Amino acid sequence: MTPAQPNQVRILIERLSRLSDSEDWNSDLNPAQMQALRYLASANRFSRAPSHVAAFSGATRGTVSQTLRALERKGLVTEARSQTDRRSISYAVTAAGRALAHSARIIDQAMAELAPEQVEMLEQGLAAVLRSVIAARGGKTFGLCHQCCHHQRRGDAAYCRVLDVDLEPAEKNQICHEHEPA
């Protein structure tokens, strides 16, 4: 087997992305709305502001604001204003939104057919490419909390040193905008 050319790998990634996006149109959402919903369903409580959605998706804040308003009108997310700073907004995903965000997709089924070693290699390779692209663009990694240099275990609990807060059990496997690779 000959190694794939970088151009061919990019073509495959782009095609998979387009096919995945086309599946989103089968729901009542467009691909941008589905991406925002999936992000919010995977993000911790500190990472659900419109600016975080915009930074994660590479979209403008204006576009994301319209996307989030559409998700709210559809009953998939709710808006919450901070009690300390009324200008600060975050979003929570409703039960209907969570069900849609976590619904099975064709790409998930195809990935399940791969050997675990193939999935691991694919994940590692794509993660390396993503880190490189993010670094070149000066963006943030938005990784999982337990993979962050700020994450600290305290017995059975977890703590975030940068935010100076105890973390809820589920947050260790959620996306955080403060993430810095460990």
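Shown above is the structure to which this text applies.
The rules behind each value
- Residues numbered from 1 in each chain as written.
- Predicted model: local features only at pLDDT ≥ 70, side-chain atom pairs only at ≥ 80, totals over all residues.
- Heavy atoms only, no water.
- Helix = DSSP H or I, 4+ residues; strand = E, 2+ residues; numbered from the N terminus.
- Rg over C-alpha atoms; globule rule 2.2 N^0.38 Å.
- Contact = heavy atoms within 4.5 Å.
- Areas by Shrake-Rupley, 256 points an atom, 1.4 Å probe, with all protein chains shown as cover.
- Lys, Arg positive; Asp, Glu negative; His and termini not counted.
- Charge placed at Lys NZ, Arg CZ, Asp CG, Glu CD.
- Salt bridge = Lys/Arg side-chain N within 4 Å of Asp/Glu carboxyl O.
- Buried < 20%, exposed > 50% of the residue type's maximum accessible area, 1.4 Å probe, protein only.
- Core = buried A, V, L, I, M, F, W, Y, C linked by side-chain atoms within 4.5 Å.
- 1 Å grid on protein atoms, 1.4 Å probe; cavity = no way out; pocket = protein on both sides within 12 Å on 5 of 7 lines; lining within 4 Å.
- Points joined across faces, edges and corners; volume = space filled by probe spheres on them.
- Nonpolar A, V, L, I, M, F, W, Y, C, P; charged D, E, K, R; others polar.

The next thing to look at is the overall build of the protein. Each helix and strand in the protein was counted, giving seven helices and five strands. When the helices and strands of the protein are read in sequence order from the N terminus, they spell out α-α-α-α-β-β-α-α-α-β-β-β. Over its C-alpha trace the protein gives a radius of gyration of 18 Å, about what one expects of a compact globule, namely 16 Å for 182 residues. Overall, the C-alpha framework of the protein stretches about 60 × 40 × 30 Å when taken along its three principal axes. For the protein, the share of sequence-separated contacts (at least 6 apart) that also reach a separation of at least 24 residues comes to 57%. With an accessible surface of roughly 11,900 Å², the protein has 55% of that area assigned to carbon and sulfur atoms. For the protein, the separation between the mean place of its 22 positive charges and that of its 20 negative charges on side chains is 6 Å.

This next bit is on the pattern of salt bridges. In a structure, side chains of opposite charge can pair up when their charged atoms sit close to one another. For the structure shown, the criterion picks out seven salt bridges. Here Arg 10 ties to Glu 14 by a salt bridge, and the two come within 3.1 Å at their closest N and O atoms. Of the two residues, Arg 10 and Glu 14 both sit in helix α1 (residues 6-24), four residues apart, roughly one turn of that helix. By relative accessible area, Arg 10 is classed as partly exposed at 40%. According to the relative accessible area criterion, Glu 14 is partly exposed, its value standing at 34%.

A word on the nonpolar core. In this structure, Leu 37, Tyr 39, Leu 40, Leu 71 and Val 77 are the most contacted members of the largest nonpolar core, which totals 21 residues. Contributing elements (two or more residues each) for this core: α2 (31-42), α3 (50-57), α4 (61-73) and β2 (89-93). Those residues within four positions of Leu 40 in sequence are excluded, and the remaining contacts are Arg 48, Val 53, Leu 68, Val 77, Tyr 91 and Val 93.

Mapped onto the elements of the fold, Ala 158 is located in strand β4 (residues 157-160). With 84 residues separating them along the chain, Ala 158 and Lys 74 place their C-alpha atoms 35 Å apart. Residues in contact with Ala 158, not counting those within four places in the same chain, are His 151, Gln 152, Asp 166 and Leu 167.

Right, let's talk about empty space enclosed by the protein for a bit. Regions of empty space are outlined by a rolling probe, equal in size to a water molecule, passed over the atoms. The final tally for this structure, using the stated rule, is one cavity of 30 Å³ or more. Of the pockets and cavities examined, the largest cavity occupies roughly 50 Å³. Gly 143, Leu 144, Cys 145, Cys 148, His 150, His 151, Cys 160, Val 162, Cys 176, Glu 178 and His 179 are the residues that line the largest cavity. Of the residues contributing to the lining of the largest cavity, the split by class is six nonpolar, four polar and one charged.

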